[in-house]
Amino acid sequence: MPTSAGFEEMWRDLAPVGRSASSGGYFRQPWATAESELRAWFVEQCAARGLTVETDGVGNQVAWWEPAPSVQEGAQRSSRDPGVLTGSHLDSVLDGGAYDGPLGVVSALAAVDVLRARGFEPSRPLGLGVFVEEEGSRFGRACLGSRLVTGATTWEEARELRDRDGVLLGDAVADAGLDPSTGLLSLDRVGTFVELHVEQGRDLVDRDVAVGLASEIWPHGRWRFDFTGQANHAGTTRMEDRHDPMLTYAMTALAANKQARLSGQRATFGRIAVEPNGTNAVPSLVTAWLDARASSDDDLATLVEAVRRQADDRAGRDGTSLVVTPESVSGSVAFDADLAARLASLGDWPIIPTQAGHDAGILSAAGIPTAMVFVRNPTGVSHSPDEHAETADCLAGVEALADVLEELTR
Ligand code: GLV
Ligand code: MN
Ligand code: MN
């Protein structure tokens, strides 16, 4: 089958899974129906290519294309030589786009088809992988699957995380039929990791190129802000007698936006929970999550500290109190520059930074030489139903990934 037909058929298979009829966006939260369906689909796709998927105790998946012994010998490799892993994730943010994650998985499968159509045989193992709960949309911990396999987060810590309905991660994993005591994906065979991803900004479209490589990921993280006040009657409580945590939160959101704009960084409050969430009562508690990103670890610390200081000042004036808890913090990642330069020369691709987090960042931070291939996004919109990439650019991405994998496994 030509690459385009294979890619488009896979893309059509995935299109309805977890899609909201009202927004057109995707709800593919981990250890739930849509995401499980996608992981089963991945197993079928690998089987159709003669590859067997191993699923670890939390749901991370890998299928290895083993080198033929004659090819391995011809290239003077031993069976202990490390392999190359490529892939991404299948979960989405709430009401997310179709491309963030699945594009990397579908492209990995399609790249295998391209390599086989070229008659290429790898002399190193070539793995196709899927990491679970990359977005942290359910349990709040970004890149949880790759954090677990690299040891950046322990299962003992992770199992206690709760989702919005109070479900423990340990129970969600068990309910999905998985058993962490059976072990986690081993990275022993992974000499290099390559993740293809839709670009989540406008760098490639502004440069007028379909494909690029990553240089770095900005440090970023999530902080929970608990603003506590006093519940009271919305009509009878005089304005000057209130201890309203909504006001402290509102001012904090404005301060975060201003602070980030002034310093050229990013700060977002995209999620809040209000108690008791009644129209005719001053709330007792507002919990809001700050997502902050900056060009250096120091700048990130400075940004978050400035937001916290202004929130504290305001809490003092409102008679409310504030507790700030870091939930998911990732330091800056500089991808292997020699690897990026070597791969960029295959297609004269630009090497660009990103402000989005990826499993590739976690593997890179764990010391695995890692590269990312970005595919142009015509609007730059992402984490939204409007996220998009043109098919021609996706196909260019598949060819680029095939070139990269050929270079790394020849
Ligand atoms: C993941 O996509 C993130 O950057 O939050
Ligand atoms: Mn992603
Ligand atoms: Mn994402």
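Residues numbered from 1 in each chain as written. Chains lettered and ligands numbered in written order. Predicted model: local features only at pLDDT ≥ 70, side-chain atom pairs only at ≥ 80, totals over all residues. Heavy atoms only, no water.

Student: Which residues make up the coordination of the manganese ion (ligand 2), and what values do they have?
Tutor: Taken together, His89 (NE2), Asp100 (OD) and His197 (NE2) make up the protein donors of the manganese ion (ligand 2), found 2.0 to 2.2 Å from the metal. If you list the donors of the manganese ion (ligand 2) from N- to C-terminus, the spacing comes out as H-x10-D-x96-H. Taken as an interatomic distance, the gap from the manganese ion (ligand 2) to the manganese ion (ligand 3) is 3.7 Å; Asp100 donates to each of them. Linking His89 in strand β3 (residues 83-89) with His197 in strand β5 (residues 190-198), this pair joins segments that are 108 residues apart in sequence. (Donors = N, O, S within 2.8 Å, 3.2 Å for Na, K, Ca; no water. Helix = DSSP H or I, 4+ residues; strand = E, 2+ residues; numbered from the N terminus.)

Student: So, the coordination of the manganese ion (ligand 3): which residues are in play, and what are the values?
Tutor: For the manganese ion (ligand 3), the protein coordination sphere consists of Asp100 (OD), Glu135 (OE), Glu135 (OE) and His383 (NE2), at 2.0 to 2.6 Å. Counting gaps between the donor residues of the manganese ion (ligand 3) yields the pattern D-x34-E-x247-H. Looking at Glu135, the relative accessible area reads 6%, which means it is buried. (Buried < 20%, exposed > 50% of the residue type's maximum accessible area, 1.4 Å probe, protein only.)

Student: Explain the site of ligand 1 to me, using residue names and the numbers behind them.
Tutor: Close to ligand 1 lie Glu135, Arg293, Ala356, Gly357 and His383. Here Gly357 contributes a backbone N or O atom positioned 2.7 Å from an oxygen atom of ligand 1. Here ligand 1 has 190 Å² of accessible area as a free molecule, and 92% of this is covered by the chains. A majority-of-atoms criterion places ligand 1 in the largest pocket. Among the residues making up the shell around ligand 1, the classes are represented as one nonpolar, two polar and two charged. (Near = heavy atom within 4 Å. Polar contact = N/O pair within 3.5 Å; in protein donor to acceptor, adjacent residues only side chain to side chain. Areas by Shrake-Rupley, 256 points an atom, 1.4 Å probe, with all protein chains shown as cover. 1 Å grid on protein atoms, 1.4 Å probe; cavity = no way out; pocket = protein on both sides within 12 Å on 5 of 7 lines; lining within 4 Å. Sits in = over half its atoms within 2 Å of the grid points. Nonpolar A, V, L, I, M, F, W, Y, C, P; charged D, E, K, R; others polar.)

Student: Explain unusual backbone geometry residue by residue, including any values.
Tutor: Leave glycine aside and you will find that most residues have negative phi; peptide bonds, for their part, are mostly trans. Omega for the peptide link from Glu275 to Pro276 comes to 0°, which places this bond in the cis form. Following the sequence through the fold, Pro276 ends up in the loop between β9 (266-275) and β10 (281-282). In the Ramachandran plot, Asp348 falls in the positive-phi region, its phi being about 55° despite a non-glycine side chain. Structurally, Asp348 is set in the loop between α11 (337-344) and β14 (351-354). The backbone of His383 sits at a positive phi, close to 55°, despite the residue not being glycine. Exposure remark for His383: the relative accessible area of 40% places this residue in the partly exposed category.

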